[in-house]
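Read off the chains here:
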Amino acid sequence: MPVPRHEFEMYDEERIGELLRVMPQAPEAWVLTAARLPATRRAIEQIAALAEADATFRSQTLEDLEGALARAGVEVSPALVEHLRDRL
Amino acid sequence: MEFHQRMTALSTATDAGLVARCRDGDDDAWEELVRRFSRYVLAIAQQAYRLSPADAEDVFQEVFARTYERLGDLRNDEAVRPWIAQLTRRLCIDRIRAGSRESADPEALEAGVDDSLDRLDEALSVQEAMLAMPDNCRDILDRFFRRDESYAVIGTALGLPSGTIASRISRCLGKLRDHLEGREHARPTS
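Residues numbered from 1 in each chain as written. Chains lettered and ligands numbered in written order. Predicted model: local features only at pLDDT ≥ 70, side-chain atom pairs only at ≥ 80, totals over all residues.

**Description of the overall build of chain A**
Formally: Each helix is a run of DSSP H or I of at least 4 residues and each strand a run of E of at least 2, with the numbering of both proceeding from the N terminus. Contact criterion: two residues are in contact if their C-beta atoms, reconstructed from the backbone, are within 7 Å.
Looking only at helices and strands, chain A features seven helices and zero strands. Overall, chain A shows an N-to-C arrangement of helices and strands of α-α-α-α-α-α-α. The long-range share in chain A, meaning contacts at least 24 apart out of those at least 6 apart in sequence, stands at 47%.

If you want it as structure tokens, here you go:
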């Protein structure tokens, strides 16, 4: 019975090298944006809580969502602006 | 625990251990989870579904945003890898349908994807095995295979004669192969 290909080749060093090459590194900026999600979400929740407690702050924030995010130290992106709009 | 020790502990944690820590609000664990699966998610988007860089970036961010939001719904923490793979597949298909290939046949979209994913799963296992390698091996393998650096560049960076680089790479590949063969012993901590 023939040996299935993967059984004798799975850990062949050439194949390991090939598999190491398969997955390129994601751009560091993408990784950092995703890694900062917890902090970003906390900042958005803080803004939302303040907006809930203060109608003036809420309307000012709605007028300038990007500015509100930037003031909270969040790197602004269209998705985050939308997320904040939804939260408000 | 010092920062370096803590990050080392996270990098060697099992997937399930990492998920549990993320659920407990550990931001460092979340960053490790993102780093651990970032190549995998990107490779699914770009290699299996051939998304453009812009679409791949959108899918990438959406995958991790949804993972963050729904980690609590995961029934089996050990299944985070297939769960992320499935989520990425779904978001890639949504992105393709929403774009210019709106009328694409769903079967055509999935053609060859399973084979690509099998290969990427295998590559992810090798990536995980790399975490168990000594720092010097991880570094040299990463430079040669992933960053495509020449022997000369690696030699200069690591302060080694370039004539010894090939044999070091071979020795490290051997260690990695040995580790893969005893894969069940990988990641002792959780």
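**A short note on the interface of chain B and chain A**
Quite often, the size of an interface is put as the accessible area lost when its parts meet. What counts is decided by this rule: Here the term charged refers only to Asp, Glu, Lys and Arg, the term nonpolar to Ala, Val, Leu, Ile, Met, Phe, Trp, Tyr, Cys and Pro, and the term polar to all other amino acids, Gly among them.
Counting from both sides, the interface comprises 31 residues of chain B and, opposite them, 21 residues of chain A. Those elements that place two or more of their residues in the side of chain B that touches chain A are α3 (27–48), α4 (53–70), α7 (113–130), α8 (135–146) and α10 (165–181) of chain B. A total of 10 residues in the side of chain B that touches chain A trace back to one element, the largest contributor, which is α3(B). Of the residues assigned to the side of chain B that touches chain A, the class counts are 17 nonpolar, four polar and 10 charged.

**Some thoughts on α8(B)**
Applied cut-off: By this rule, a helix spans an expected 1.5 Å times one less than how many residues it contains. Around each residue's C-beta, the other C-beta atoms within 10 Å are counted; 20 or more make the residue buried, 12 or fewer make it exposed, and counts in between make it partly exposed. All C-beta atoms are placed from the backbone. Each C-beta atom gives one direction from the helix axis, and the arc is the one those directions make.
The terminal C-alpha atoms of α8(B), which comprises 12 residues, lie 15 Å apart, in line with the 16 Å expected from a rise of 1.5 Å per residue. Buried residues of α8(B): Cys137(B), Ile140(B), Leu141(B), Phe144(B) and Phe145(B), and no others. End-on view of α8(B): buried residues confined to an arc of 105°, all on one side of the axis. Buried residues in α8(B) make contact with α2 (13–22) of chain A together with α7, α9 (151–158) and α10 of chain B. Backbone geometry just downstream of α8(B) places Asp148(B) in the positive-phi region, at approximately 60°.

**Considering the confidence of the model for chain A**
All names here are of chain A. Going by this rule: Each residue carries a pLDDT score, the predictor's confidence in it, ranging from 0 to 100.
With 88% of its residues at a pLDDT of at least 70, chain A reaches an overall mean of 84. Within chain A, the lowest mean pLDDT, 43, falls on helix α1 (residues 5–9), and the highest, 94, falls on helix α3 (residues 28–35). Ignoring residues within four places in sequence, the model shows residues 1–9, a span with pLDDT below 50, making two contacts including any to other chains.

**Focus: the packing of α2(A) against α7(B)**
Short version of the rule: To obtain each axis, a line is fitted to C-alpha atoms, and for helices this fit is confined to the stretch in contact; angles are then taken between N-to-C directions over 0 to 180 degrees. Orientation is classified from the angle alone, with under 35 degrees giving roughly parallel, over 145 giving roughly antiparallel, 65 to 115 giving roughly perpendicular, and any other angle giving oblique.
In contact at an axis separation of 8 Å, α2(A) and α7(B) are set at 100° when each is read in the N-to-C sense. The angle between α2(A) and α7(B) places the two elements in the roughly perpendicular class. Residues Ile16(A), Leu19(A), Leu20(A) and Val22(A) of α2(A) form the contact with α7(B), whose participating residues are Arg119(B), Leu120(B), Glu122(B), Ala123(B) and Val126(B).

**A short note on the nonpolar core**
Nonpolar side chains tend toward joint burial in soluble globular proteins. Test applied: By definition, a nonpolar core groups buried Ala, Val, Leu, Ile, Met, Phe, Trp, Tyr and Cys residues that connect through C-beta atoms lying within 7 Å of each other. What fixes the domain bounds is an automatic or database domain assignment.
Counting residues in hydrophobic clusters, the biggest one holds 59 residues, and the most contacted among them are Val41(B), Ile44(B), Ala45(B), Phe60(B), Leu120(B) and Leu141(B). Of all the elements, α3(B) adds the most residues to this core, at 12 residues. When residues of this core are sorted by domain, at least three fall in each of domain 1 (1–112) and domain 2 (132–190) of chain B. Ignoring anything within four residues of it in the chain, the contact list for Leu141(B) reads Leu20(A), Met130(B), Ile169(B), Cys172(B) and Leu176(B). Core analysis: the second largest hydrophobic core is formed by eight residues, Ile44(A), Ile47(A), Leu69(A) and Leu80(A) among them.

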